[in-house]
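Examination of the molecular architecture
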Amino acid sequence: MDFNVKKLASDAGVFFSRAMQFTEEKLGQAEKTELDAHFENLLARADSTKNWTEKILRQTEVLLQPNPSARVEEFLYEKLDRKVPSRVTNGELLAQYMTEAANDFGPGTPYGKTLIKVGETQRRLGAAERDFIHSASINFLTPLRNFLEGDWRTISKERRILQNRRLDLDACKARLKKAKAAEAKAALWSDEVEKAEHELRLTQTEFDRQAEVTRLLLEGISSTHVNHLRCLHEFVESQTNYYAQCYQYMLDLQKQLGRFSGTFVGNAESTSPPPAATSPPAVAAATLPAVPTIPVVPTIGGVPNTVAESVLNPNEVKPPASGTRKARVLYDYEAADSTELALLADEMITVYSLPGMDPDWLIGERGNQKGKVPVTYLELLS
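Quick caveat: nothing in here was measured; it's all calculated off a predicted structure.

**Some remarks on the overall build of the chain**
- Regarding its fold elements, the chain presents 7 helices and 5 strands.
- Counting from the amino terminus, the chain carries its helices and strands in the arrangement α-α-α-α-α-α-α-β-β-β-β-β.
- Residues classed as buried in the chain amount to 34% of the 382 residues present.
- Contacts spanning at least 24 positions in sequence make up 72% of the contacts within the chain whose residues lie at least 6 apart.
- Carbon and sulfur atoms form 57% of the exposed surface of the chain, whose accessible area is close to 23,500 Å².

**Some words on the environment of Leu 257**
- Looking at the secondary structure, you find Leu 257 in helix H7 (residues 221-259).
- With a relative accessible area of 25%, Leu 257 lands in the partly exposed category.
- The spatial distance from the C-alpha of Leu 257 to the C-alpha of Lys 113 is 10.0 Å, given a sequence separation of 144 residues.
- In this view, Leu 257 contacts Thr 114, Lys 117 and Val 118; residues no more than four positions away in its chain are not counted.

**What to know about the sheet that holds strand S3 (residues 361-366)**
- Ordered by their spatial adjacency, 5 strands build an open sheet running S4-S3-S2-S1-S5, and the pairing between neighbours is antiparallel. Looking at strand neighbours, the two that pair on one side only are strand S4 (369-374) and strand S5 (378-380), the edges of this open sheet. Averaged over all adjacent pairs, the angle separating strand axes in this sheet is 40 degrees, with direction ignored.
- Bridging between strand S2 (residues 348-352) and S3 involves 3 bridges; their strand directions are antiparallel. Within S3, the residue paired with Val 351 across the bridge is Gly 364.

**Section: the packing of aromatic side chains**
- Taken as a whole and judged by the stated rule, the model has 8 aromatic pairs.
- Summarising the aromatic geometry, the rings of Tyr 242 and Tyr 243 are spaced 5.1 Å apart at their centres and angled 45 degrees between planes, so their arrangement reads as tilted.
- Their ring planes at 85 degrees and their centres at 5.8 Å tell us that Tyr 331 and Tyr 377 sit as a pair that is edge-to-face. Taken together, the positions of Tyr 331 in the loop between strand S1 (325-329) and S2 and Tyr 377 in the loop between S4 and S5 put the pair 46 residues apart, joining distant regions of the chain. A single burial state applies to Tyr 331 and to Tyr 377, both of which are buried.
- Ring pairing ties together the aromatic residues Phe 132, Phe 140, Phe 235, Tyr 242 and Tyr 243, which thus form one cluster.
- Residue placement shows Lys 372 over the ring face of Trp 361; its charged tip is 5.5 Å from the ring centre.

**Thoughts on the environment of Gly 220**
- Within the secondary structure layout, Gly 220 lies in the loop between helix H6 (191-219) and H7.
- Spatially, the C-alpha atom of Gly 220 lies 9.4 Å from that of Ala 46, the residues being 174 residues apart in sequence.

**Remarks on the side chain of Arg 325**
- On the secondary structure map, Arg 325 appears in strand S1.
- Of the side chains bearing the opposite charge, Glu 379 lies closest to the buried Arg 325, which forms no salt bridge; the N-O distance is 9.4 Å.

**What about the packing of helix H2 (residues 37-64) against H6?**
- Relative to each other, H2 and H6 sit at 50 degrees, their axes nearing to 9 Å. On the basis of their axis angle, the class for H2 and H6 is oblique. Pair H2 / H6 crosses with left-handed handedness. Across from His 38, Phe 39, Leu 42, Leu 43 and Ala 46 in H2, the residues of H6 making contact are Ala 211, Thr 214, Arg 215, Leu 218 and Glu 219.
- Across the contact of H2 with H6, the residue classes break down as 6 nonpolar, 2 polar and 2 charged.

**Focus on the pairing of S2**
- Counting buried residues along S2, 4 of its 5 residues qualify, which places the element largely inside the surrounding structure.
- Relative to S2, S1 runs antiparallel, the two sharing 4 bridges. Note on S2: the bridge partner recorded for Arg 328 is Met 348.

**Re the pattern of salt bridges**
- Tallied over the entire structure, the rule returns 19 salt bridges.
- One salt bridge in this structure joins Arg 366 and Glu 347, with 2.7 Å as the shortest N-O distance. Here Arg 366, found in strand S3, pairs with Glu 347, found in the loop between S1 and S2; they are 19 residues apart in sequence, far enough to count as distant.
- The exposure class assigned to Arg 366 is partly exposed, which follows from its relative accessible area of 23%.
- Beyond isolated ion pairs, a larger network of salt bridges with shared partners links Arg 58, Glu 61 and Arg 145.

**What to know about the nonpolar core**
- In this structure, Phe 39, Phe 132, Phe 140 and Leu 218 are the most contacted members of the largest nonpolar core, which totals 34 residues.
- Elements represented by at least two residues in this core include exactly H2, helix H5 (110-186), H6 and H7.
- Looking at this core, the element that brings in the most residues is H5, giving 16 residues.
- Once you skip the residues sitting within four places of it in the chain, Phe 140 turns out to touch Ile 56, Thr 60, Ser 135, Cys 231, Leu 232 and Phe 235.

**As for the pairing of S3**
- With 5 of 6 residues buried, S3 is to be regarded as a mostly interior element.
- Examined bridge by bridge, S3 and S4 share 6 bridges and lie antiparallel to one another. Among the inter-strand pairings, Leu 362 is bridged to a residue of S4, identified as Val 373.

**A short note on unusual backbone geometry**
- Phi is positive for Asp 346, close to 75 degrees, though the residue is something other than glycine.
- Residue placement: Asp 346 occurs in the loop between S1 and S2.
- Taking the relative accessible area as the measure of exposure, Asp 346 reaches 54% and is therefore exposed.

Calculation notes
- Residues numbered from 1 in each chain as written.
- Predicted model: local features only at pLDDT ≥ 70, side-chain atom pairs only at ≥ 80, totals over all residues.
- Heavy atoms only, no water.
- Helix = DSSP H or I, 4+ residues; strand = E, 2+ residues; numbered from the N terminus.
- Buried < 20%, exposed > 50% of the residue type's maximum accessible area, 1.4 Å probe, protein only.
- Contact = heavy atoms within 4.5 Å.
- Areas by Shrake-Rupley, 256 points an atom, 1.4 Å probe, with all protein chains shown as cover.
- Pairing = 2+ DSSP bridges.
- Axes fitted to C-alpha atoms, helices over the stretch in contact; angles between N-to-C directions.
- Phe/Tyr/Trp six-rings, centres within 6.5 Å; stacked < 30°, edge-to-face > 60°.
- Lys NZ or Arg CZ within 6 Å of the ring centre and 35° of its normal.
- Lys, Arg positive; Asp, Glu negative; His and termini not counted.
- Salt bridge = Lys/Arg side-chain N within 4 Å of Asp/Glu carboxyl O.
- Parallel < 35°, antiparallel > 145°, perpendicular 65-115°, else oblique.
- Left-handed = near helix turned anticlockwise from the far one by under 90°.
- Nonpolar A, V, L, I, M, F, W, Y, C, P; charged D, E, K, R; others polar.
- Core = buried A, V, L, I, M, F, W, Y, C linked by side-chain atoms within 4.5 Å.

By themselves, these observations are geometric and do not establish any function.
Put into structure tokens, the structure is as follows:
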């Protein structure tokens, strides 16, 4: 018991002495042992490494997981040393919704088929994102965390010890200075001077030893930079592979949709057909890029390419030798005049384009009947 009391009293005395020395230094009332320029540079470099590593780590976490609630949940699981539950990526969730929508609308309809194709690509994108996050977490985030929670904590601990050793050293220097001043006044050798010199030698030795330990740790920051550089290369490689996969998946999807682009031209899924009108519906403008898939016939008989709709008589034109396509009628259509062809839902007709025609319209043929038909009422077949 007496030993513990003495130890507590000694610790309290040391703490008070350090606090006093620190306060007097801040007030400019005491001298402070300065570290050499090389040591100060090592300290500054270490602090800079720690600060930027924290910022890069936090922002990379935001990049990989934008949801702050999910990040907090993952942090808690890691602190509890429990496995983080698997989480569905946004792409995989979108794929699920698209698939369910396709089943609801009809997987055999053009819209349903497209939803399934796009949904499958979104699922693959989501899986690629999951692999990228996993790879980046292991190869990049984990080394950064290990530095902050391992090496940096060790460096911080040794720096605090060094700070205490320096305060002890400066306090001993101050006591020796006071003892020598008292000795000069008394004109005799004082035991206090001898005691103060002995304490100074001990504290100087401890300070030098601790400074060497801390210096070696600080110089190890260079190795940390080399390790983080390697991890950064691995992060870039993972990110490159991820975006390359995404690009390839989207190219494949684009090719699939482009192969059947004519199938979806003007195929506006609705519960009721649009009203018949002599002018094409506005929605046709959105489907214009697919129309040029029907080749335009060259000028025949010197007729210019800018044929006016007002003088076009479908019954007098001949279909091109090539470039005709089959089309399924989506809705009933009542012809507005003799130049147009009346349509019945679900019937099959032959269609083609003529030079100078409005791209929202085609020439349709059914047996001996011929006339203009609106593109938005058709499903063009390959």
